[in-house]
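# An overview of the molecular structure
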Amino acid sequence: MDERRMRMGVLISGGGTNLQAILDASAAGRREAEVVVVLANHENAYGLERARRAGIPAAWVDRSAYQTFRAYNEALRDLLLEHEADLVVMAGYMRLLGTEVLDAFPDRVLNIHPALLPAFPGPSGIRDAFEYGVKVTGVTVHLANEKFDDGPIIAQEAVTVADDDTIESLEAKIHEVEHRIYPEVLQLFAEGRVAVEDGKARIIPLAEGPSGAR
Ligand code: GAR
């Protein structure tokens, strides 16, 4: 972004270790992006506590308080707009997003998934890949759409599954990659270096400059 830091609204459902990695990267001044609001669909999501500790507005948005999926998504959208978010960052947010949010932030809603999409989408990507017996899995960061774990891929990193890996050791390896790669991709957004053309995302090399970015 130009003069000001890019403003991120983060959506979570649970522990928020990815949120923490993003907060830590911002706090360290290594990123030209700041988290301005954290919204959770579970009252006890520990990520809400992480946000409050960092002095960031955090709220539980209770789906059951809204009559329709649309009304719930309108509430999410309004909160994000109220906090002047530029980018919506799904960090372990385990619900679909409605068009109300997606249309308000075109090509500006991101998701992270702990597998190499389009393989093993869904809520248990690490376990599904492990139980299948793949030798390589990994992490995907992509632009979100109205389907689960779907949309233009921005970055992927492979993680090798060793013969002696357990589900726990594989989880640890995947999370380590997630906590590094998500802040890196957010920084690329802040620098205007992610372009979306013909339904595909592309990182603009430094020499090319930000003019092609959307
Ligand atoms: C992360 O591993 C994230 O990739 C995954 O949920 C976890 C949240 O952990 N997301 C999905 O599976 C999306 N389909 P965190 O709350 O500790 O960041």
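### Observations regarding the nonpolar core
Counting residues in hydrophobic clusters, the biggest one holds 45 residues, and the most contacted among them are Met-8, Ile-12, Val-35, Val-38, Leu-110 and Phe-189. When residues in this core are grouped by element, the largest group, 11 residues, is from helix 6 (residues 167-190). Those residues in contact with Met-8 that lie beyond four places of it in its chain are Ile-22, Ser-26, Ala-33, Glu-34, Val-35, Val-36, Val-37, Ala-85, Leu-87, Val-89 and Leu-186. Val-61, Tyr-72, Ala-85 and Val-101 belong to the second largest nonpolar core, which has 18 residues in total.

### Let's talk about the site of the ligand
Taken together, 13 residues lie around the ligand, and Gly-16, Thr-17, Asn-18, Asp-149 and Glu-178 are the ones closest in. Measuring from an oxygen atom of the ligand, one finds a backbone N or O atom of Asn-18 at 2.9 Å. Gly-122 places a polar main-chain atom, nitrogen or oxygen, 3.2 Å from a nitrogen atom of the ligand. Isolated, the ligand exposes 450 Å² of accessible area, and the fraction of that covered by the protein chains is 89%.

### Regarding helix 5 (residues 125-132)
Every buried residue of helix 5 is accounted for by Gly-125, Ile-126 and Ala-129. Buried residues of helix 5, viewed axially, fall in a sector of 100°; they line one side. Close packing links the buried residues of helix 5 with strand 5 (109-113), strand 6 (136-143) and helix 6. Gly-133 lies just past helix 5 and shows a positive phi near 95°.

### Quick notes on the sheet that holds strand 7 (residues 153-160)
Strands sit in the order 3-2-1-4-5-6-7 across an open sheet of seven strands; the sheet is mixed. Two strands bound the open sheet, and with one partner strand each, they are strand 3 (58-60) and strand 7. The average undirected angle you get between the axes of adjacent strands in this sheet is 20°. Strand direction decides the pairing type here: strand 5 and strand 6, joined by four bridges, are antiparallel. Counted as the bridge partner of His-113 is Thr-140 from strand 6. Where helix 6 meets the sheet, it contacts strand 1 (6-12), strand 2 (33-40), strand 4 (87-90), strand 5, strand 6 and strand 7, and its direction lies at approximately 155° from that of strand 7.

### A few points about unusual backbone geometry
That bond from Leu-117 to Pro-118 is cis: its omega, 10°, falls within 30 degrees of zero. Relative to the helices and strands, Pro-118 is located in the loop between strand 5 and helix 5. Phi at Phe-120 is positive, roughly 55°, even though this residue is not glycine. Among the secondary structure elements, Phe-120 is positioned in the loop between strand 5 and helix 5.

### Regarding the pattern of salt bridges
A complete count under the given rule lists eight salt bridges for this structure. The partner of Arg-193 in a salt bridge is Glu-191, and the shortest N-O contact between them spans 3.1 Å. The partner of Glu-197 in a salt bridge is Arg-202, and the shortest N-O contact between them spans 3.7 Å.

Rules used throughout
- All residue numbers here refer to positions counted from 1 along the written sequence of the relevant chain.
- With the structure being a predicted model, the display of local features is reserved for residues of pLDDT at least 70 and the display and counting of side-chain atom pairs for 80 or more, all residues being used for whole-chain, interface and lining totals.
- Only heavy atoms go into the side-chain values, all of them from the structure, while hydrogens and water stay out.
- Residue types Ala, Val, Leu, Ile, Met, Phe, Trp, Tyr and Cys, when buried and joined through side-chain atoms within 4.5 Å, form a set referred to as a nonpolar core.
- Burial here depends on accessible area, computed with a 1.4 Å probe over protein chains only, as a share of the maximum for the residue type. Under 20% is buried, over 50% is exposed, and the range in between is partly exposed.
- The helix count covers DSSP runs of H or I at least four residues long, the strand count covers runs of E at least two residues long, and both are numbered beginning at the N terminus.
- A contact between two residues is defined here by any heavy atoms of the two lying within 4.5 Å.
- Here a residue is considered near a molecule or strand provided that any single heavy atom belonging to it is located within 4 Å of it.
- Within 3.5 Å is the distance limit for a polar contact, defined as a pair of N or O atoms, with the added protein rule that one can donate a hydrogen and the other accept it, and that residues adjacent in sequence qualify only through two side-chain atoms.
- The Shrake-Rupley method, run with a 1.4 Å probe sphere, supplies the accessible areas, and residue values consider only the shown protein chains as cover.
- This arc is built from the directions going out from the helix axis to the C-beta atoms.
- The criterion for strand pairing is that DSSP finds at least two bridges linking the strands in question.
- Under this scheme, a helix contributes an axis fitted over its contacting stretch, all axes are lines through C-alpha atoms, and angles between N-to-C directions fall in the 0 to 180 degree range.
- The rule for a salt bridge is simple: a side-chain nitrogen of Lys or Arg has to be within 4 Å of a carboxyl oxygen of Asp or Glu.

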